Amino acid sequence: MTVIDTRLGRIKGIDHGTSLSFLGIRYGEPPIGSLRFMPPLASGSWNGLLDATNYPNRAMQSNKMGTMGQDTPGELSEDCLFLNIYTPSTEISTRPVMVWIHGGGFRSGSANEYDGRVLASQGDVLVVTVNYRLGPFGFTNLDSLSDELTGTVSNGYRDMILALEWIKDNIIDYGGNPENVTIFGESSGGLGVLGLFAAPGADGLFHKAIIHSANGPRWPEGDQNPKIAEKLGVGTTELLDTLRSMSAEEIIKAELPAGLCIDGKVLTRSFNEAIAESPNSGIPIIIGTNRTEGTLLTPIDSNDEDMTSYEKRLLGSAGYVLDKKDATNYVNGIKTAYPDQNPKRLFEIIMTDSFLRIAIEFIEKAVQAKLNCWLYRFDLDTTIEYNGKLGGATHACEMAFTFNAYADPQCHVKRLHDSSLPEVIHLAEAWSSALTKFAWTGSPDDAGLPHWPKYDLTDRHVMHLTTNSHVSKDPDSLHRKLWHS
């Protein structure tokens, strides 16, 4: 154990030998009772010695396990505004800070699934993982019910911003530099990072960004509150009182809509518009996807699987890729480009494109705004089955590499690759080292991977992360053309 004095009070953490952990530090008051659905309130100091040796509450969700089915510490509770800190030492206050925003479709997941001990000690950085409100508590639009509820659909983003404000004010006590903060996240956590570019409240609170496989649900068009009221069996005028009187468990079971929304209050502009605005000038960016993201979304192959169901889903899923534009030409182009693939494989390819297009179009706008940017693709096939199958370089399989969980058996991040394979060990160290070097310097180059040129609109260099990592020029040219067909 270790005990330190901070400006908020004395705190006890865990000494791992190579790093220290301070778990379950409250950054926001419990968003319960009258504070349910409201903007978060900053927490203050504490009395006595704070025990920060146990993982905190996770946000309310239907998923009792982790997002990948793993055992995850922490109880489910509305009182979830906590963060975890991993630091090599509290004695030096110049280290970069890397703030992790977890994924899970804005409905599940937690900071507690990601252990930052290896990344902190290996890269001499601070790693902060943040819990924030999920589902109906963080991403459901109740604005039409009351003026005080304006921006409810972005309460999860408000939580992230409050956590960044806490870090700015307090991270120096744990050995971190509040003027060198990198935000990074995966899946809906990647959308979390992108959303912070579009949130004026986050301006100046981060200085670098890493976006892994950004994607997630969007808020449906139009006012959904009449539909929510009908689902709960009440009138619209009674809906707010009903939602405030329900237990957290009852609200979760109701499966209310939740998703990303440019609400005009918290997120005031689209990601691609935001990247060109002056508060974001000078912020370097790493962004990328996995080669076969879409395989996570389909079940194990079987001889009697109904391929017609996938055929029927192609046009709808393609419309999601193209942001609801007519996708007929795009689907026909995919079929022509991949003539030997069955409808299930085509569906997986299209769903992979839903991740790829977000990354490509964002980095194009960032480069046009003269930001330094790097694009990657994770290509190393999984060797451990998930949901009964190997999915190639499937969605989320790179997370154990980002945190280099392969370097320490005690580092609990879900692994889908065999920890004993030399290529896995090497890539995990090289990739995580590139990320921590980026946090230090603003460039991932020359940190264990081959030379990684910045992305531009001529050569479109992409780093392929695999057994023999390498750079190629514009490997996505075909798909870029198909999106505009």
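Residues numbered from 1 in each chain as written. Predicted model: local features only at pLDDT ≥ 70, side-chain atom pairs only at ≥ 80, totals over all residues. Heavy atoms only, no water.

Visitor: Looking at this model, I keep getting lost on the overall build of the protein. Mind explaining?
Guide: A tally of regular secondary structure across the protein gives 14 helices and 13 strands. In terms of C-alpha radius of gyration, the protein reaches 22 Å, essentially the compact-globule figure of 23 Å for 485 residues. Principal axes of the C-alpha set define a box for the protein whose edges measure 65 × 60 × 45 Å. Counting over 485 residues, the protein shows a buried share of 60%. (Helix = DSSP H or I, 4+ residues; strand = E, 2+ residues; numbered from the N terminus. Rg over C-alpha atoms; globule rule 2.2 N^0.38 Å. Buried < 20%, exposed > 50% of the residue type's maximum accessible area, 1.4 Å probe, protein only.)

Visitor: Got a minute to help me understand the packing of helix α5 (residues 225-232) against helix α6 (residues 236-245) in this structure?
Guide: At a minimum axis separation of 9 Å, α5 and α6 run at an interaxial angle of 70 degrees. With respect to their mutual orientation, α5 and α6 come out roughly perpendicular. Between α5 and α6 lies a crossing whose hand is left-handed. Between α5 and α6, the residues in contact are Asn225, Pro226, Ile228, Ala229 and Leu232 and Thr236, Leu239, Thr242 and Leu243, respectively. The class makeup of the residues in the contact of α5 with α6 is 6 nonpolar, 3 polar and no charged. (Axes fitted to C-alpha atoms, helices over the stretch in contact; angles between N-to-C directions. Parallel < 35°, antiparallel > 145°, perpendicular 65-115°, else oblique. Left-handed = near helix turned anticlockwise from the far one by under 90°. Contact = heavy atoms within 4.5 Å. Nonpolar A, V, L, I, M, F, W, Y, C, P; charged D, E, K, R; others polar.)

Visitor: For this particular structure, what's the right way to read the packing of aromatic side chains?
Guide: Within a pair of aromatic rings, the relevant descriptors are the distance that separates the centres and the angle that separates the planes. Tallied over the entire structure, the rule returns 20 aromatic pairs. When the ring of Tyr114 is compared with that of Phe403, the centres are 5.5 Å apart and the planes differ by 35 degrees; the resulting orientation is tilted. Highlighted residues: Tyr114 in the loop between β6 (95-101) and α1 (117-123) and Phe403 in the loop between α12 (399-402) and α13 (422-441), separated in sequence by 289 residues. Judged on exposure class, the residue Tyr114 and its partner Phe403 are both buried. The interplanar angle of 40 degrees and the centroid separation of 6.2 Å between the aromatic rings of Trp431 and Trp452 together place this pair among those described as tilted. Placement of the pair is Trp431 in helix α13 and Trp452 in the loop between α13 and β12 (461-465), with a sequence separation of 21 residues. An aromatic cluster of three or more residues is present, and its members are Trp100, Tyr114, Phe184 and Phe403. One residue, Arg313, lies across the ring of Phe347, its end atom 4.3 Å from the ring centre. (Phe/Tyr/Trp six-rings, centres within 6.5 Å; stacked < 30°, edge-to-face > 60°. Lys NZ or Arg CZ within 6 Å of the ring centre and 35° of its normal.)

Visitor: Would you explain the nonpolar core in this entry?
Guide: Generally speaking, nonpolar side chains in soluble globular proteins are found buried as a group. Membership of the largest hydrophobic core comes to 88 residues, with the highest contact counts inside it found for Ile85, Tyr157, Tyr174, Leu196, Phe197, Ile285 and Tyr330. With 13 residues, helix α11 (residues 343-368) is the largest single contributor of residues to this core. For Tyr330, the residues in contact, after removing those within four places along its chain, are Ala318, Val321, Leu322, Ile350, Asp353, Leu482, Trp483 and Ser485. Counting 45 residues, the second-largest nonpolar core is a separate cluster that includes Ala396, Ala405, Cys411 and Phe438. (Core = buried A, V, L, I, M, F, W, Y, C linked by side-chain atoms within 4.5 Å.)

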